[in-house]
Amino acid sequence: MTTISAQDLQHPRSRSAFRLVRGLVSGYLGLSVLTLVAIFLWRDNKTMVTDSVWVRATIVVASALLTLSLTVRASRGSPGAFRRLRIVSGVMLVAIVVIVALPGAFPVWLRIEQGVCGLALLGVVLIINGRHLRSLFAGAGRA
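Here's what I pulled together on the structure shown here. Because the structure is predicted, anything quoted here is derived from the model rather than measured.

Thoughts on the overall build of the protein
Helix and strand counts for the protein come out as 6 helices and 0 strands. Helices and strands appear in the protein in the N-to-C order α-α-α-α-α-α. Dimensions of the protein, computed from C-alpha atoms along their principal axes, come out at roughly 55 × 25 × 25 Å. Among the 143 residues that make up the protein, the fraction classed as buried is 42%. In the protein, once contacts between residues fewer than 6 apart in sequence are set aside, the share between residues at least 24 apart is 73%. Counting only carbon and sulfur atoms, one obtains 67% of the accessible surface of the protein, whose full area is about 7,600 Å². Each charge class in the protein can be summarised by its mean position, and for the 16 positive and 4 negative side chains these summaries are 15 Å apart.

Encoded structure:
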């Protein structure tokens, strides 16, 4: 697969879309890291921090790092990174919806935090699956 031309990547709509995606993903990562720090600080409070909270927060930070890496690579024209970004952001969005919807699986504070992360990922999913970026990457492979 080839990369996208610099001219197409520099188009104002492309730059704007990737700038917004990078901002949303950075917010998702920042909130996820802050949540992991809060979990560490509250680690002795067993009603606020359970084993499942530790596992979930660690997975979310790892996925946010992956999502940021894919965003950067896609914004540089990698069709493979763009395709993986679409998949990862969609899967994580669905996982977050399930986490928020399941009663009693996680403390309310984590479900609220996950809801905010989900809103950021919803924005990412809408932008990267929008007409402009999909058409930009369609000529370079399966987008």
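Digging into the packing of aromatic side chains
Scanning all chains against the criterion turns up 3 aromatic pairs. With a centroid separation of 5.2 Å and an interplanar angle of 90 degrees, the aromatic rings of W42 and W109 are classed as edge-to-face. Residue W42 is found in the loop between α2 (12-41) and α3 (51-75), and its partner W109 is found in helix α5 (residues 108-128); the two are separated by 67 residues along the sequence. Judged by relative accessible area, which is 37%, W42 ranks as partly exposed. Relative to F137, the ring of F82 lies with its centre 4.1 Å away and its plane at 5 degrees, an arrangement referred to as stacked. Of this pair, F82 sits in helix α4 (residues 79-101) while F137 is found in helix α6 (residues 131-138), placing the two residues 55 residues apart along the sequence.

Examining the packing of α2 against α6
The contact between α2 and α6 brings their axes to 10 Å, and the two run at 110 degrees. In terms of axis orientation, α2 runs roughly perpendicular to α6. Note that α2 runs across α6; the crossing there is left-handed. Contacts from R13, S14, A17 and F18 of α2 reach α6 at H132, L133, L136 and F137.

Overview of α6
For α6, the set of buried residues is H132, L133, L136 and F137. Each buried residue of α6 sits inside an arc of 115 degrees when the element is viewed along its axis, so together they form one side. Residues of α6 that are buried make contact with α1 (6-9), α2, α3, α4 and α5.

What counts, and where the lines are drawn
Residues numbered from 1 in each chain as written. Predicted model: local features only at pLDDT ≥ 70, side-chain atom pairs only at ≥ 80, totals over all residues. Heavy atoms only, no water. Helix = DSSP H or I, 4+ residues; strand = E, 2+ residues; numbered from the N terminus. Buried < 20%, exposed > 50% of the residue type's maximum accessible area, 1.4 Å probe, protein only. Contact = heavy atoms within 4.5 Å. Areas by Shrake-Rupley, 256 points an atom, 1.4 Å probe, with all protein chains shown as cover. Lys, Arg positive; Asp, Glu negative; His and termini not counted. Charge placed at Lys NZ, Arg CZ, Asp CG, Glu CD. Phe/Tyr/Trp six-rings, centres within 6.5 Å; stacked < 30°, edge-to-face > 60°. Axes fitted to C-alpha atoms, helices over the stretch in contact; angles between N-to-C directions. Parallel < 35°, antiparallel > 145°, perpendicular 65-115°, else oblique. Left-handed = near helix turned anticlockwise from the far one by under 90°. Arc of directions from axis to C-beta.

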